[in-house]
Amino acid sequence: MASPAELPVVLIAEELAPAALEVLADDFDVRHVDGTDRPALLAGLADAHAVIIRSATLIDAEAVAAAPRLKVVARAGVGLDNVEVPAATARGVMVVNAPTSNIVSAAEQAVALLLAVARHTATASATLKAGEWKRSRYTGVELSGKTVGVVGLGRIGVLFAQRMAAFGVRLIAYDPYLQPARAAGLGVRLVGLDELLAESDFISIHLPKTPETVGLIGAKELARVKPGVRIVNAARGGLVDEQALADAIAEGRVAGAGIDVYAKEPCTASPLFAFDTVVATPHLGASTVEAQDKAGLAVARSVKLALRGEFVPDAVNVQVGGVVAEDVRPLLPLAEKLGRVFTAVAGGVAAAVTVEVRGEIVSNDVSVLKLAATKGLFAGVVTDQVTYVNAPLLAADRGVEVTLTTSPESVEHPNLVTVRGALPDGRIVSVSGTYAGGPREVVKLTGLDGYELELAADGVLLFLRYADRPGVVGAVGSILGAAGVNIGSMQVARREAGGEALMTMTVDNALRPDLVASAADAVGATAASTVDLSD
């Protein structure tokens with residue numbers, strides 16, 4: 001056994017579960033520091049090969065610069081708001097977290113809020129402790145026989161639905177990225193969002209926070225809910241418009257709500273706090289002993305793997321752990337971006353996807369490219385942090401089969417990667433790209449559904465399909481220009497004059513859904529999609 005002076009140093013900046021410390025004890029020089037004491041933290045980082053933190057310690061560019069030996073930053077939890085990931089990446093420092101440590105706790109918190117809202121638990125407790133006995137005032141409702149709508153059937157949504165089933169409820173769900181067969185296997189019927197709003201007695205939200213999901217439940221949606229519905233949000237703040245929900249409660253359309261997350265946190269003032277029928281908690285979804293222990297154990301194991309140079313399951317800022325051929329590495333971001341473009345263009349996830357790799361590159365083991373493409377398929381779609389380890393699990397959970405085919409033949413490019421899949425409506429979507437080596441090392445899109453492209457796979461992309469005719473390019477440019485969106489590059493591809501055309505452009509700003517819809521409507525586009533491929 002190496003002496004302590006020879007062992008890699010793991011710096012523990014916040015309290016960690018004893019079991020996690022045991023994982024590290026024999027192989028590393030484990031040191032402790034108060035992560036909130038900035039001078040002490042920076043001094044401790046000078047010799048550290050790894051640092052483990054929770055939420056109180058800030059690892060920013062200054063902290064990374066103070067740690068010349070640092071190889072991994074491990075956050076014993078899900079969020080990474082207190083880690084400056086780009087600064088770590090620029091220095092080659094791996095960042096890991098514990099993305100599944102709190103899924104059971106989060107699902108149980110949603111269940112707890114739903115029950116508390118149904119039975120007025122919090123308010124009844126407060127009034128009784130204040131010396132009032134008012135049984136008739138707090139008459140609640142049973143869950144049995146009611147319809148529970150689950151918005152988002154990712155891992156937490158599934159756990160929530162499974163627990164709700166025990167109460168004898170009817171389960172429906174809205175999730176455009178889940179196959180109906182997979183939902184049926186869970187005893188859940190997939191419906192559109194409007195149908196879910198109209199039928200549900202209870203609604204629980206389990207979605208990631210993305211530009212598409214922010215404000216998903218707003219005034220317009222709340223005007224369509226079943227009268228007397230009770231709404232729970234223990235997922236992410238901002239998915240439900242708090243003011244619109246407060247208005248709906250005041251008007252009597254919504255009977256109550258259970259809220260654990262807020263658009264801005266910490267939150268000590270919300271229009272929702274004015275109602276006795278609202279149970280509000282301060283983001284307690286991950287606040288259990290078990291979740292904290294799981295997080296500590298998970299990151300301790302990741303640190304151990306990282307410092308041994310082995311595959312790291314929960315790395316968030318590296319393409320893959322383990323050994324990958326040097327020639328294959330540049331194609332990893334390409335394959336992932338192709339997966340992201342596929343999902344954006346398809347508007348959902350196909351039941352089966354083929355990743356096709358062509359060219360001399362197939363003399364190497366290219367199976368990791370299937371993994372990278374799968375990661376891209378689900379990036380930004382699910383609540384879970386998508387990694388190279390959990391991407392196949394996410395595909396399996398949603399009934400998506402991803403296969404790999406290879407061929408040494410590639411006519412126009414030294415290497416070519418294509419992601420192709422059939423959608424439930426029969427459409428075939430395919431997107432292709434290549435890696436151009438040399439000084440610029442550019443990954444490019446070369447084709448989409450049979451249209452030839454020559455476009456850097458980077459930045460914000462907009463795709464529009466329309467009937468080929470004069471004036472379309474100018475019309476789209478005018479709409480984007482009026483909105484302050486600058487076009488970086490643009491291409492139009494067509495098979496014949498007057499037929500269907502595909503306009504592809506890169507822009508300098510994120511595109512709001514309403515702006516994309518306006519551009520599509522203005523030119524009579526048959527399809528419109530956007531995807532952000534920024535690194």
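Keep in mind the model is a prediction, meaning the values are calculated, not measured. (Residues numbered from 1 in each chain as written. Predicted model: local features only at pLDDT ≥ 70, side-chain atom pairs only at ≥ 80, totals over all residues. Heavy atoms only, no water.)

Focus: helix α13 (residues 331-346)
To keep things clear, this is the line we draw: Secondary structure elements are taken from DSSP: a helix is a run of H or I of four residues or more, a strand is a run of E of two residues or more, and numbering for both begins at the N terminus. Multiply 1.5 Å by the residue count of a helix minus one, and that product is the helix's expected span. Burial status follows relative accessibility: with a 1.4 Å probe on protein chains alone, a residue under 20% of its type maximum counts as buried, one over 50% as exposed, and anything between as partly exposed.
Here α13 is 16 residues long and its end C-alpha atoms lie 22 Å apart, about the 22 Å a rise of 1.5 Å per residue gives. Within α13, 15 of the 16 residues are buried, which leaves it mostly tucked inside the rest of the structure. Directly after α13, the chain includes G347, whose backbone phi takes a positive value near 75°.

A short note on the pattern of salt bridges
Threshold: Counted as salt bridges are all cases of a side-chain nitrogen of Lys or Arg within 4 Å of a carboxyl oxygen of Asp or Glu.
For the structure shown, the criterion picks out 25 salt bridges. Between R155 and D397 there is a salt bridge, with the nearest N and O atoms lying 4.0 Å from each other. With R155 in helix α7 (residues 155-165) and D397 in helix α15 (residues 390-397), this pair connects stretches of sequence that are 242 residues apart. Relative accessible area serves as the criterion here: at 18%, R155 is assigned to the buried category. Since its relative accessible area comes to 25%, D397 is described here as partly exposed. A salt bridge links D194 to R224, with the shortest nitrogen-to-oxygen separation between them at 2.8 Å. Taken as a pair, D194 in helix α9 (residues 193-199) and R224 in the loop between α10 (219-222) and β10 (229-233) lie far apart in primary sequence, 30 residues in all.

Some thoughts on the packing of aromatic side chains
Defined as follows: Pairs were defined over the aromatic rings of Phe, Tyr and Trp, the Trp ring being its six-membered one, requiring ring centres within 6.5 Å. Orientation was assigned from the angle between planes: stacked under 30 degrees, edge-to-face over 60, tilted for the rest.
Going through the model one piece at a time under the given rule, you end up with one aromatic pair. Centroid distance Y262 to F273: 5.9 Å. Interplanar angle 80°. Geometry classified as edge-to-face. Of this pair, Y262 sits in the loop between β11 (254-259) and β12 (278-280) while F273 sits in the loop between β11 and β12, and the two are eleven residues apart along the sequence. Looking at F273, the relative accessible area reads 36%, which means it is partly exposed.

With respect to the pairing of β11
Where we set the bar: The criterion for strand pairing is that DSSP finds at least two bridges linking the strands in question. Orienting the strands away from the viewer, one traces the path from the first strand over the helix to the second; a clockwise path indicates a right-handed crossover.
Counting buried residues along β11, five of its six residues qualify, which places the element largely inside the surrounding structure. Bridge count for β10 against β11 is five bridges, and the pairing is parallel. Looking at the pairing, R230 lines up with G256 of β11. Considered for its hand, the β-α-β crossover made up of β10, helix α11 (residues 242-250) and β11 is right-handed. Sheet topology note: the β11/β12 ladder contains three bridges and is parallel. Looking at β12, one finds that A257 is bridged to V278.

Topic: the sheet that holds strand β6 (residues 147-151)
What holds strands together in a sheet is hydrogen bonding between their backbones, with the strands either parallel or antiparallel. As a reminder, the rule being used: The contact criterion used throughout is that any non-hydrogen atoms of two residues lie within 4.5 Å. Axes here refer to lines fitted to C-alpha atoms; in helices the fit is confined to the stretch in contact. Angles between the N-to-C directions go from 0 to 180 degrees.
Across the sheet, which stays open at both edges, the seven strands sit in the order β8-β7-β6-β9-β10-β11-β12 with parallel pairing between neighbours. Looking at the sheet topology across the chains shown, the edges are occupied by β8 (189-190) and β12. Each of β10, β11 and β12 touches α11; the most contacted strand, β11, lies at about 145° to it.

Quick notes on helix α17 (residues 513-523)
Counted only if it meets this: Note that the arc is defined by the directions from the helix axis to the C-beta atoms.
Listing the buried residues of α17 in full gives L515, V516, A519, A520 and V523. Take α17 and look down its axis: the buried residues cluster within an arc of 135°, on one side only. Each element contacted by the buried residues of α17 is listed here: β19 (460-467), α16 (472-482) and β22 (527-532). In the segment just after α17, G524 is the residue with positive phi, at about 65°.

Things to note about the side chain of H413
Locating H413 in the fold gives a position in the loop between β14 (401-407) and β15 (415-422). On the basis of relative accessible area, H413 is assigned to the buried category, the value being 18%.

Concerning the sheet that holds strand β4 (residues 72-75)
Ordered in space as β2-β1-β3-β4-β5, the five strands form an open sheet in which the pairing is parallel. Whereas interior strands pair on both sides, the edge strands pair on one side only; in this sheet they are β2 (29-32) and β5 (94-96). On average, each strand axis in the sheet is tilted by 20° relative to the strand beside it, whichever way the strands run. As judged from the three bridges shared by β4 and β5, these two strands associate in the parallel manner.

Some thoughts on unusual backbone geometry
Following E265, the chain continues into P266 via a peptide bond in cis, with omega recorded as 0°. Turning to its location among the elements, P266 is positioned in the loop between β11 and β12. Even without glycine at this site, H120 takes up a positive phi of about 55°. Checked against the element boundaries, H120 lands in the loop between α5 (103-119) and α6 (121-129). For H120, a relative accessible area of 17% gives the class buried. A positive phi angle, near 50°, is found at H283, a position not held by glycine. Overall, the relative accessible area of 36% leaves H283 in the partly exposed class.

Quick notes on the packing of α16 against α17
Definition in use: Between 65 and 115 degrees an angle is taken as roughly perpendicular, under 35 as roughly parallel, over 145 as roughly antiparallel, and anywhere else as oblique. Whether a crossing is left-handed or right-handed is set by the direction in which the near helix is turned from the far one by less than a right angle, anticlockwise for left-handed and clockwise for right-handed. When residues are sorted by character, Ala, Val, Leu, Ile, Met, Phe, Trp, Tyr, Cys and Pro go into the nonpolar class, Asp, Glu, Lys and Arg into the charged class, and all the rest, Gly among them, into the polar class.
Taken N-terminus to C-terminus, the directions of α16 and α17 make an angle of 150°; their axes are 10 Å apart at the nearest point. Taken as axis vectors, α16 and α17 run roughly antiparallel relative to one another. The chirality of how α16 crosses α17 is right-handed. Contacts between α16 and α17 involve V472, A475, V476, I479 and L480 on the former and, on the latter, L515, S518, A519, A522 and V523. In the contact of α16 with α17, the residues fall into nine nonpolar, one polar and no charged.

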